[in-house]
Every structure is written in structure tokens, then in C-alpha cells.
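# Structural features, examined
Listed below are the residues making up each chain.
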Amino acid sequence: LTDNQRVVSRLPLNPMSEILHRLPEFIGNHTLLAMLFLSVLVAWLGSEASRLFRGYREITPAALTQLINRDSPLVVDLSSMQDFEKGHIPGARHVPLSQFDPENKDLAKVRELPVAVYCKSGTTSAQAAARLVKAGFKRVFWLGGGLASWQQADLPLVRGLRGESSDGVEML
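Summary of the structure given here. Here the residue index of a chain counts from 1 through its sequence in written order. Residues qualify for local features only when their pLDDT is at least 70, as the model is predicted, and side-chain atom pairs are given and counted only at 80 or more; totals for whole chains, interfaces and linings, by contrast, use all residues. Neither water nor hydrogens contribute to the side-chain values; these are computed over all heavy atoms in the structure.

### A look at the nonpolar core
With 18 residues, the main nonpolar core has Leu 78, Val 115, Val 117, Leu 132 and Phe 137 as its most contacted residues. Every element with two or more residues in this core is listed here: strand 2 (74–77), strand 4 (115–118), helix 7 (123–134) and strand 5 (140–143). The greatest single-element share of this core, amounting to four residues, is contributed by helix 7. With residues near it in sequence (within four places) discarded, Val 115 still touches Leu 74, Val 76, Val 110, Leu 132, Phe 137, Arg 139, Val 140 and Phe 141. Here the nonpolar core consists of buried residues drawn from Ala, Val, Leu, Ile, Met, Phe, Trp, Tyr and Cys, with membership extended through side-chain atoms lying within 4.5 Å. Each residue's exposure class comes from its accessible area (1.4 Å probe, protein chains only) as a fraction of the maximum for that residue type: buried when under 20%, exposed when over 50%, partly exposed otherwise. In this structure, Leu 67, Val 75, Ala 92 and Trp 150 belong to the second largest nonpolar core, which totals 13 residues. Think of it this way: any DSSP run of H or I at least four residues long counts as a helix, any run of E at least two long counts as a strand, and we number them from the N terminus. Any two residues whose heavy atoms approach within 4.5 Å at even a single point are treated as in contact.

Set out below in C-alpha cells:
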């Protein structure tokens, strides 16, 4: 036999079979590493499962734009009044988090409509989205990254309470 034929004859027919055959030996020699891997795997699976069953969906600025154009959702800005005046998504309604009540009778009227919530960074609005789902809202969306992601995508902002757009044109 030539050297090339000997090398080929030593290769297993199914490399996966060889890996699975040697896995118990590897785990026995590297118990701590195997336990760490399993812990990370379980944490990741738990995180993905909770994201799947939380009842609201994280959306990107582009997806929010499509939602606004197609379904006319209620867009709620949960940032402070100062941040709202500095700039907000066109058509958004300002509700300070301290006054945000998903059980409010005015909000109950729009329970079947899509509702998109956002704040400055996206962390506070995720909690508000969870509260909306708990209150029985079916179509709840959360702008991942908040207004910062909207700005990063170079989408338009409206300034002030009355709605002056970023190019100086007043909005109704």
C-alpha cells in the first residue's frame, strides 16, 4: 500500500460517528468544561423560549415604518417630556411611564388595534409591552433599541409638543 492509501484507510467512514464515539471520553476528561457548556446551552434555550412566549414582538425601525404604513397602530412614546419635545416618531403619543396604565378605559378601546411602544433606549418600553400583553392586548410591538435605533436608521423625527418636524415644517 502507498502512503496515501494508508491515510485514507485510517479515516472513519462517518466522521460524526467517530465524534460521538469519543464524546463520553472527552466529557470524562473535561467535566467542568462540559458542565459549563451545558449551563450556557440551557440559559440560551431558556432565553429563546421566554422570548417566543412573552406575547409581544420586538421590531426594527424598518418594521415599525411598515406597520405604521399598513396598520396605523397606536404608537406610544414612554420617554420623559423633555425627551419627547426634543424628538419623537411622527404620530406618536406621549404617555409618561409614571402615568402609563394598560387598564385605562381609553386604552381599552384600542385593545384590538396594534400598539407599538418605545422609549429613549428601549429598556423601559419592553416592560410596558409586557404590561400591555398582561392587560389583554393582542398585537403589541416593542421598538428594539428605542428611539436611538430609530435615529440610527436616519428616520424622521418630530420636535416639540405640537409636532414640528426635523426639517422645520409643522405637523398637525
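### With respect to helix 7
Expected helix span is given by 1.5 Å per residue-to-residue step, counting one fewer step than there are residues. With 12 residues, helix 7 extends 18 Å between its outermost C-alpha atoms, agreeing within 8% with the 16 Å of an ideal straight helix rising 1.5 Å per residue. Taken together, the buried positions of helix 7 are occupied by Ser 125, Ala 126, Ala 128, Ala 129 and Leu 132. Take helix 7 and look down its axis: the buried residues cluster within an arc of 160 degrees, on one side only. Across helix 7 from its buried face, at more than 90 degrees, point the exposed residues Thr 123, Gln 127 and Lys 134. Buried residues in helix 7 make contact with strand 1 (56–59), strand 4 and strand 5. One or two positions beyond helix 7, positive phi appears at Gly 136, with a value near 105 degrees. Here, the arc refers to the directions that run from the helix axis to the C-beta atoms.

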